[in-house]
Amino acid sequence: MTELGSVAWPPAPIKTERLVLREPEARDRAALIELFASPEVGAYIGGPRPRDELERALPETPEGRPGLFVIELDGAMIGTIELNRRDAEHRSHVRPDAGEAELGYLFLPEAWGRGYAAEACAAALGWFADALPGEPVVLCTQTANDRSMRLAAKLGFTEVQRFEEWGAEQWFGVWSSVTQSG
């Protein structure tokens with residue numbers, strides 16, 4: 001998130017049954033380049049970025065910023081999760097003043113289909129609910145991205161609307177710790 005308010009960042013690493021959510025480190029650089037250069041990963045987010053561009057642009061120690069978690073399995077990075085504040089220019093807000101938190105995630109293809117995304121996202125949402133109780137989290141994905149649509153449902157996001165953007169139908173949903181516990 002651009003602004004976390006009174007929430008201390010970075011939090012202590014978050015440990016799940018199989019994963020660790022933590023700040024990026026220098027050892028993650030190669031995996032981050034692989035992640036952003038992957039055609040499979042880029043399929044629903046505008047395509048992969050050129051590897052040589054990433055090699056030049058990504059610092060030796062990837063930048064940690066509030067809301068960005070690296071997902072680690074057995075000591076190796078397998079993906080990232082971000083919780084960012086949506087800009088006021090973005091459509092589909094669920095709060096009149098905008099600025100809601102948005103969940104984003106990217107996982108290396110070899111990590112797909114094993115439940116890691118659900119496990120990591122649930123942990124990040126749990127952390128967020130403890131840090132900022134009652135605040136909603138939104139998620140936007142292309143309806144053609146079946147995996148992301150299934151993950152949104154599994155995590156408890158409910159549809160707010162669908163709309164056309166970037167030449168594809170987009171799905172916009174909301175999650176709240178209040179509705180998850182009540």
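Now for a look at the structure at hand.

Parameters and conventions
- Residues numbered from 1 in each chain as written.
- Predicted model: local features only at pLDDT ≥ 70, side-chain atom pairs only at ≥ 80, totals over all residues.
- Heavy atoms only, no water.
- Core = buried A, V, L, I, M, F, W, Y, C linked by side-chain atoms within 4.5 Å.
- Buried < 20%, exposed > 50% of the residue type's maximum accessible area, 1.4 Å probe, protein only.
- Helix = DSSP H or I, 4+ residues; strand = E, 2+ residues; numbered from the N terminus.
- Contact = heavy atoms within 4.5 Å.
- Phe/Tyr/Trp six-rings, centres within 6.5 Å; stacked < 30°, edge-to-face > 60°.
- Pairing = 2+ DSSP bridges.
- Axes fitted to C-alpha atoms, helices over the stretch in contact; angles between N-to-C directions.

**Side note on the nonpolar core**
If you look at the biggest cluster of nonpolar residues, it comprises 35 residues, and the most contacted ones within it are Leu21, Ile71, Ile81, Leu103, Val137 and Phe157. At the level of secondary structure, the elements contributing two or more residues to this core comprise strand 2 (19-22), strand 3 (68-73), strand 4 (76-85), strand 5 (101-107), helix 4 (116-131), strand 6 (137-142), helix 5 (146-155) and strand 8 (168-175). Aside from chain neighbours lying at most four places away, what touches Phe157 is Leu103, Leu125, Val137, Val138, Leu139, Ala152, Trp171, Gly173, Val174 and Trp175. Judged by nonpolar contacts, the second largest core, of twelve residues, contains Ile33, Ala37, Leu58 and Leu106.

**So, the packing of aromatic side chains**
Evaluation of the coordinates by the stated rule reveals three aromatic pairs. Considering the side-chain rings of Trp9 and Phe69, the 5.1 Å spacing of their centres and the 65 degrees angle between planes classify their relative orientation as edge-to-face. With Trp9 in the segment before strand 1 (14-15) and Phe69 in strand 3, this residue pair connects regions lying 60 residues apart in the sequence. Summarising the aromatic geometry, the rings of Phe69 and Trp127 are spaced 5.5 Å apart at their centres and angled 80 degrees between planes, so their arrangement reads as edge-to-face. Of this pair, Phe69 sits in strand 3 while Trp127 sits in helix 4, placing them 58 residues apart in sequence. Taking the relative accessible area as the measure of exposure, Trp127 reaches 15% and is therefore buried. Every member of this aromatic cluster is reached through a ring pair, and the members are Trp9, Phe69 and Trp127.

**A word on the sheet that holds strand 5**
As summarised here, the arrangement of the eight strands in space is 1-2-3-4-5-6-8-7, forming an open sheet in which the pairing is mixed. In the strand order of this sheet, the two ends are held by strand 1 and strand 7 (158-165), each with one partner. Pairing between strand 6 and strand 8: six bridges, direction antiparallel. Note that in strand 8 the partner of Val138 across the bridge is Val174. In the packing of helix 1 (residues 29-37) onto the sheet, the strands contacted are strand 4 and strand 5, and the crossing angle to strand 4 comes to about 70 degrees.

**Here's the deal with unusual backbone geometry**
Between Trp9 and the following residue, Pro10, the backbone shows a cis peptide bond with an omega angle of 0 degrees. Residue position: Pro10 is located in the segment before strand 1. Residue Trp166 is not a glycine yet carries a positive backbone phi of 55 degrees. Checked against the element boundaries, Trp166 lands in the loop between strand 7 and strand 8. Take Trp166: its relative accessible area is 66%, and that puts it in the exposed class.

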